Amino acid sequence: MRERMRKTLLAAGLLLLLVPALGGCQERETEKAFVAPYVMNQDQQELLSLLGLEDAALVFSFQAPEEAAKVTAHTYVLEDGVWVENGGVSLLRESGESQPLAGEFALVYHQDRSMDLHLNAQGRVSFSSDPVPFEGELLSAARGAIPESQPAPLGEEVPVALFLEDGGTSMKSLTPQSYFTPQELEGMDVAQAVTLEFSAG
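Residues numbered from 1 in each chain as written. Predicted model: local features only at pLDDT ≥ 70, side-chain atom pairs only at ≥ 80, totals over all residues. Heavy atoms only, no water.

Draft legend 1. Representation of helix α2 (residues 42-50) within the structure. Among the residues of α2, the N-terminal cap falls to Asn 41, whose side-chain oxygen and the backbone nitrogen of Asp 43 are separated by 3.1 Å. Following α2 by one or two positions, Gly 52 has its phi on the positive side, about 75°. (Polar contact = N/O pair within 3.5 Å; in protein donor to acceptor, adjacent residues only side chain to side chain. Helix = DSSP H or I, 4+ residues; strand = E, 2+ residues; numbered from the N terminus.)

Written out as structure tokens, the structure is:
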């Protein structure tokens, strides 16, 4: 447990060093509110590989609507066809700040199906979700992330990642948009989703 915590803190610290570097080298494509996958250069990809995170970490950039005072990352587990929140983390716009919230969101998915979430925008916050137990044997796994920029309306959750695990040998090909149609995930032993939400307060 202590070794897992040490590795988590190390990964979180290095990711938070990586994320500002990401934000400094990628220009915003639009002034409109959006969430988009972050395209890393070779050095950044090699750093993730060095940390053993190339298959576990996802990084996104975002710009909130002008009216948004808060960005929240939510994690969900599908239980009996209904999404149940498994924790999340929020970051508030600084008092007196006139610019919209804009920054990066990074997540790390662990073998015990817990996640580390990191938000970077006018400050930094981190959170670790609870592990998701499963007593059987999981033989196949898949993950999906948004492939391109998505609009981010105020007060609406934007699904950015989907994680599936199953005891069978075949796996459905699904996208984060399946968050809105959980019936598509029927039969999966473990399904988790991650969303970003921008709100006025």
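Draft legend 2. Representation of the nonpolar core. Residues Val 35, Phe 62, Phe 105 and Leu 107 are the most contacted members of the largest nonpolar core, which totals 27 residues. Elements with a contribution of two residues or more to this core: β2 (57-63), β3 (70-79), β4 (82-92), β5 (102-109), β6 (115-120), β10 (157-166) and β11 (190-199). When residues no more than four places from it in sequence are discounted, the contact partners of Leu 107 are Ala 56, Ala 57, Leu 58, Phe 60, Asp 116, Leu 117, Ala 161, Phe 163 and Val 194. Ranked by size, the runner-up nonpolar core spans ten residues in total, among them Leu 162, Tyr 179, Leu 185 and Met 188. (Core = buried A, V, L, I, M, F, W, Y, C linked by side-chain atoms within 4.5 Å. Buried < 20%, exposed > 50% of the residue type's maximum accessible area, 1.4 Å probe, protein only. Contact = heavy atoms within 4.5 Å.)

Draft legend 3. Quick peek at the confidence of the model for the protein chain. Per-residue pLDDT for the protein chain averages 84, and the proportion of residues at 70 or more is 85%. Segment residues 21-30 is flagged for pLDDT under 50; beyond a separation of four residues in sequence, or across chains, it makes 21 contacts in the model. (pLDDT = per-residue confidence, 0-100.)

Draft legend 4. Just the environment of Ala 142, in detail. By secondary structure assignment, the location of Ala 142 is in strand β8 (residues 140-145). C-alpha separation for the pair Ala 142 and Glu 165, spaced 23 residues apart in sequence, amounts to 6.6 Å. Excluding anything up to four places from it in sequence, Ala 142 contacts Leu 162, Phe 163, Leu 164 and Met 171.

Draft legend 5. Structural context of unusual backbone geometry. Phi angles above zero are rare outside glycine, and Asp 80 is one such case at about 55°. Positionally, Asp 80 belongs in the loop between β3 and β4.

Draft legend 6. Spatial organisation of the pairing of β5. When you tally the buried positions in β5, you get seven out of eight residues, the bulk of the element. Pairing analysis gives seven bridges linking β2 to β5, with the strands arranged antiparallel. The residue of β5 that forms the bridge with Gln 63 is Ala 102. As paired strands, β5 and β6 are joined by six bridges and run antiparallel to one another. Across the sheet, residue Val 108 finds its bridge partner in β6, namely Asp 116. (Pairing = 2+ DSSP bridges.)

Draft legend 7. Region of the structure containing the sheet that holds β10. Taken together, five strands build an open sheet; the order of strands is β4-β3-β11-β10-β8 and the sheet is antiparallel. One side of each edge strand has no neighbouring strand; the edge strands of this open sheet are β4 and β8. Within this sheet the neighbouring strands show an average axis-to-axis angle of 15°, counted without direction. Bridge analysis of β8 against β10 gives six bridges, and the strand direction is antiparallel. Looking at β10, one finds that Ser 140 is bridged to Asp 166. (Axes fitted to C-alpha atoms, helices over the stretch in contact; angles between N-to-C directions.)

Draft legend 8. Up close: the pattern of salt bridges. For the structure on display, the rule yields one salt bridge. Measuring nitrogen to oxygen at the nearest pair gives 3.6 Å for the salt bridge that ties Glu 165 to Arg 113. With Glu 165 in strand β10 and Arg 113 in the loop between β5 and β6, the pair connects residues that are 52 residues apart, well separated along the chain. Exposure class is identical for Glu 165 and Arg 113. Each is buried. (Salt bridge = Lys/Arg side-chain N within 4 Å of Asp/Glu carboxyl O.)

Draft legend 9. Expanded view of the sheet that holds strand β1 (residues 34-37). Spatially, six strands are ordered β7-β6-β5-β2-β1-β9 in an open sheet, and the strand pairing comes out antiparallel. Of all strands in the sheet, those with a lone pairing partner are β7 (124-128) and β9 (150-151), marking the two edges.

Draft legend 10. Broad picture of the packing of aromatic side chains. Here the structure, examined in full by the defined rule, presents six aromatic pairs. Taken together, a centroid distance of 5.6 Å and an interplanar angle of 45° make the contact between Tyr 76 and Tyr 179 tilted. With Tyr 76 in strand β3 and Tyr 179 in the loop between β10 and β11, the pair connects residues that are 103 residues apart, well separated along the chain. For Tyr 76, a relative accessible area of 8% translates into the label buried. Counting every residue linked through ring pairs, the aromatic cluster contains Tyr 76, Trp 83, Tyr 179 and Phe 180. (Phe/Tyr/Trp six-rings, centres within 6.5 Å; stacked < 30°, edge-to-face > 60°.)

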